[in-house]
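One letter stands for each residue in the lines below.
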Amino acid sequence: LRVLLAVQDDEGRTTKVRALPLPVDLAMPPTGGTADGATVPLELRLRLRPGHNSIGVAVHDLLGLETSVLRTEATVG
């Protein structure tokens, strides 16, 4: 998988799109009692400007050639 991420603040300033590889080993089942095969853990830490921010995240499956996109809003102090 490849994760793509970009942020836009309330003044219209936009970060460059960042691409992060996310290797997934389908032969290894996830650990934990509630984990299932559809869950892949990923933690991102962002430094956001004060005010309103729009965060766009896309996950692209390099083998299946499918892309899912999520947009969320965050307000910083």
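Check the entry above for the structure.
What comes next concerns the included structure.

Rules used throughout
- Residues numbered from 1 in each chain as written.
- Predicted model: local features only at pLDDT ≥ 70, side-chain atom pairs only at ≥ 80, totals over all residues.
- Heavy atoms only, no water.
- Helix = DSSP H or I, 4+ residues; strand = E, 2+ residues; numbered from the N terminus.
- Buried < 20%, exposed > 50% of the residue type's maximum accessible area, 1.4 Å probe, protein only.
- Contact = heavy atoms within 4.5 Å.
- Areas by Shrake-Rupley, 256 points an atom, 1.4 Å probe, with all protein chains shown as cover.
- Patch = residues over 30% accessible without salt bridge, like charges linked within 9 Å, V, L, I, M, F, W, Y side chains within 5 Å.
- Salt bridge = Lys/Arg side-chain N within 4 Å of Asp/Glu carboxyl O.
- Pairing = 2+ DSSP bridges.

Turning next to the overall build of the protein. Looking only at helices and strands, one finds zero helices and four strands in the protein. Counting helices and strands in the order they occur from the N terminus, the protein gives β-β-β-β. Across the 77 residues that make up the protein, the buried fraction comes to 16%. Of all intrachain contacts in the protein linking residues separated by at least 6 positions in sequence, the fraction that spans at least 24 positions is 42%. For the protein, the exposed area adds up to about 6,200 Å²; of that, 57% sits on carbon and sulfur atoms.

The next point concerns unusual backbone geometry. At Leu65, a residue that is not glycine, the phi angle is positive and equals roughly 55°. Here Leu65 is to be found in the loop between β3 (51-61) and β4 (66-76). Classification of Leu65 by relative accessible area gives exposed; the value is 63%.

A cluster of nonpolar side chains, namely Leu1, Val24, Val40 and Val59, defines an oily patch on the protein surface of about 240 Å² accessible area. Relative to the helices and strands, Leu1 is located in the segment before β1 (2-9). By relative accessible area, Leu1 is classed as partly exposed at 31%.

Moving on: the pairing of β4. Among the 11 residues that make up β4, zero are buried, leaving the element largely open to the surroundings. Taken together, β3 and the strand that follows it, β4, pair antiparallel across an intervening segment of four residues, in which Leu65 is found at a positive phi of about 55°.

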